[in-house]
Amino acid sequence: MAASVDLNADLGEGFGAWKLGDDEAMLGLVTSANVACGFHAGDPALLLQTCREAAARGVRVGAQVSYRDLAGFGRRFIDVTPEDLTADVIYQIGALQGIAQAAGTAVTYVKPHGALYNTIVRHREQAEAVAAAVRAVDAGLPVLGLSGSVFFEQARQLGLRTVAEAFADRAYQADGTLVSRREPGAVLHDPVAIAERVATMVTTGRVIAVDGTTVPIVVESICVHGDSPGAVQIAAAVRDRLRAGGTELSPFS
C-alpha cells in the first residue's frame, strides 16, 4: 500500500443564495480543495470564504477550471475554440489566485471540472488549450486529471507535472474512463463500500469496472465529490479506512 495519498474534493460550488455541499466539514477531512472559479459555480464572496477556511485548516487550494456554463454546472460539452478556451482557463486561474492570496493562501495546482475534465481525456485540441493556459500562468502548477489521458500527454509535452486522480464515488468503464452521470449507477453512495473500494485501488492499483473487468489505475490523489449526497460521510469513511490500512493522507502540492 502507498505510504501516503492525497484526498481532494470539489468545493466552493454554491452560488449566491444556493448552497451546495458542506464545505466546512469537507475541509476538515481532505488535504486538497478543488475550488470553483466562477465559470461553473462559485461567487466571489463564497470563494474568498472557502479559501480562508482552507488556509486556516492547512488544506491546499487548487483552481477548478471549467467551461463557461453556470446554467449547466459545467457538465455540458461546449465546442469552444482552443484560443478562447486557453483565455478562459487563464482568466479562471488568475481570478482564484487573487482570491487565494487575499485569503492568506495560494493556488498550488489546477484541476479541470465536469465536462471539460471528461472531454480532454480524448479531445486533443482542447487538452492542449488547457495545458497551454496553465503553462502560461505558471509552469510550476501541477495538473490533476485522469491517467492515460490526452490531457496528460499534452501537459507533459509542455513541461507540466501531472498528478493521476482516482474517483472514490464514481463508476468506471472498462477503458478506465468514468461512467456518464446520465447512466444508472454512475455515482456510488455507500460509504463503507466506497472506502473498501478506495483501499483496494490504493493497494493494488486496480478497480473493478461496471462490466466486471479489472482495470489498472494510477492513484496519486483520490476525489470525493463535495456535492454528492453523503459526501462528508464518504470522505470520513475513506480517510479512516486508508489510515487503518497504514496509508497517510497528505497533499501532493
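Structure's up top.
Here the structure is a predicted model, which is why all the values come from computation and not from measurement. (Residues numbered from 1 in each chain as written. Predicted model: local features only at pLDDT ≥ 70, side-chain atom pairs only at ≥ 80, totals over all residues. Heavy atoms only, no water.)

Please explain the overall build of the chain as it appears in this structure.
Helix and strand content of the chain: eight helices and ten strands. Whereas a compact globule of 253 residues would reach a radius of gyration of roughly 18 Å, the chain reaches 17 Å, a difference of no more than 12%. Considering the chain as a whole, with its 253 residues, one finds that 53% of them fall into the buried category. Restricting to contacts in the chain with at least 6 residues of sequence separation, those with at least 24 account for 73%. In the chain, the 21 positive side-chain charges and the 28 negative ones have mean positions that sit 3 Å from each other. (Helix = DSSP H or I, 4+ residues; strand = E, 2+ residues; numbered from the N terminus. Rg over C-alpha atoms; globule rule 2.2 N^0.38 Å. Buried < 20%, exposed > 50% of the residue type's maximum accessible area, 1.4 Å probe, protein only. Contact = heavy atoms within 4.5 Å. Lys, Arg positive; Asp, Glu negative; His and termini not counted. Charge placed at Lys NZ, Arg CZ, Asp CG, Glu CD.)

Can you help me understand the side chain of Ser228 in this one?
Within the secondary structure, Ser228 sits in the loop between strand S9 (221–224) and helix H8 (231–244). On the accessibility criterion, Ser228 (9% relative accessible area) is buried. Polar side-chain contacts of Ser228 include one of 3.4 Å to the side chain of Asp169. With near-sequence residues (within four places) excluded, Ser228 lies in contact with Asp169 and Val187. (Polar contact = N/O pair within 3.5 Å; in protein donor to acceptor, adjacent residues only side chain to side chain.)

I keep staring at helix H2 (residues 44–57) and nothing clicks. Help me out?
One full turn of an α-helix is made of 3.6 residues, so residues set three or four places apart face in the same direction. If you check H2, its first and last C-alpha atoms are 20 Å apart, about what 14 residues at 1.5 Å a residue would give, namely 20 Å. In this fold, the buried residues of H2 make contact with strand S1 (4–11), helix H1 (23–27), strand S2 (32–36), strand S3 (60–65) and helix H3 (82–102). Of the residues that open H2, the one with a side-chain oxygen 3.1 Å from the backbone nitrogen of Ala45 is Asp43. Immediately downstream of H2, the backbone of Gly58 shows phi near 70 degrees, a positive value. (Expected span 1.5 Å × (residues − 1).)

How do you make sense of the packing of helix H5 (residues 124–137) against helix H6 (residues 150–157) when you look at a structure like this?
A pair of packed helices is captured by two measures, namely the crossing angle of their axes and the spacing between those axes. Interhelical geometry of H5 versus H6 gives an angle of 45 degrees and a closest axis separation of 8 Å. As summarised for this structure, H5 and H6 are arranged oblique, according to the angle between their axes. H6 is crossed by H5, and the crossing has right-handed handedness. Here Arg124, Ala127, Glu128, Val130 and Ala131 of H5 come into contact with H6, specifically with Val150, Phe151, Glu153, Gln154 and Ala155. Looking at the contact of H5 with H6, its residues break down into six nonpolar, one polar and three charged. (Axes fitted to C-alpha atoms, helices over the stretch in contact; angles between N-to-C directions. Parallel < 35°, antiparallel > 145°, perpendicular 65-115°, else oblique. Left-handed = near helix turned anticlockwise from the far one by under 90°. Nonpolar A, V, L, I, M, F, W, Y, C, P; charged D, E, K, R; others polar.)

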